[in-house]
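Close look at the chain arrangement
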Amino acid sequence: MAGRLTELTGINPFTVNQEMMTEKSSTRYENPYYKMVDVRQPSLFVNENGEIFAGPFWDKPRFDARLFHSRTNLIYGRADWLFLDGKRKPYQLKPEIVKMTPCLVLAYYENEDIENAVPADVIEITSKQSPNTLVLYPGNYKILIKDTQGNTDQKLISIK
């Protein structure tokens, strides 16, 4: 896309590759550079000359920078990065809210039309023992619970 933008406008945009330096399903599929570092937040690496790492030095980089992502750790069964450094809060669903499993639990902002809105969070609960934590900004939400038979239930919750 950046190449097309340059062709059409003459603008050479700053480009960042975010897919290569991230964890994969197995470490055997991970980039060797990614395996060499342990970052705790998205990171760019800069050498002593102030040049941003964009790829192997022997290869002409196709990007201006490669962003390194931290490995995912689970908190309440959810990826740590979902919490946005504490800006979003965990909300564990009580058993009396989730009466039917398996089900999907969708959280919508209270004032949104759930027929047209994108959920603020979605989780699948496959059994009563499944992780059951939504990760949401403080506020009021409508929770929609859908089972495999098409049955639905709605609840209102508040996140402090």
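Residues numbered from 1 in each chain as written. Predicted model: local features only at pLDDT ≥ 70, side-chain atom pairs only at ≥ 80, totals over all residues. Heavy atoms only, no water.

1. What about the pattern of salt bridges?
All chains considered together, the criterion is met by five salt bridges. The partner of E30 in a salt bridge is R71, with the nearest N and O atoms 2.6 Å apart. One end of the pair, E30, is in the loop between β1 (16-17) and α2 (32-36); the other, R71, is in the loop between β2 (65-66) and β3 (74-75), with 41 residues separating them in the sequence. A salt bridge links K155 to D153, with the nearest nitrogen and oxygen atoms 3.6 Å apart. Residue classification places K155 among the partly exposed residues on the basis of a relative accessible area of 26%. (Salt bridge = Lys/Arg side-chain N within 4 Å of Asp/Glu carboxyl O. Helix = DSSP H or I, 4+ residues; strand = E, 2+ residues; numbered from the N terminus. Buried < 20%, exposed > 50% of the residue type's maximum accessible area, 1.4 Å probe, protein only.)

2. Examining the sheet that holds strand β9 (residues 139-147)
Each strand in a sheet pairs with its neighbour through backbone hydrogen bonds, running either in the same direction (parallel) or in the opposite one (antiparallel). The sheet built from four strands is open, its strands ordered β7-β6-β9-β10 with antiparallel pairing. Strand pairing shows two members of the sheet lacking a second neighbour, β7 (121-125) and β10 (152-159), which therefore form its edges. Strand after strand, the sheet turns through a mean of 20° between neighbouring axes, direction not considered. The pairing of strand β6 (residues 103-109) with β7 spans five bridges and is antiparallel. In the strand pairing of β7, A107 is matched with D121. (Pairing = 2+ DSSP bridges. Axes fitted to C-alpha atoms, helices over the stretch in contact; angles between N-to-C directions.)

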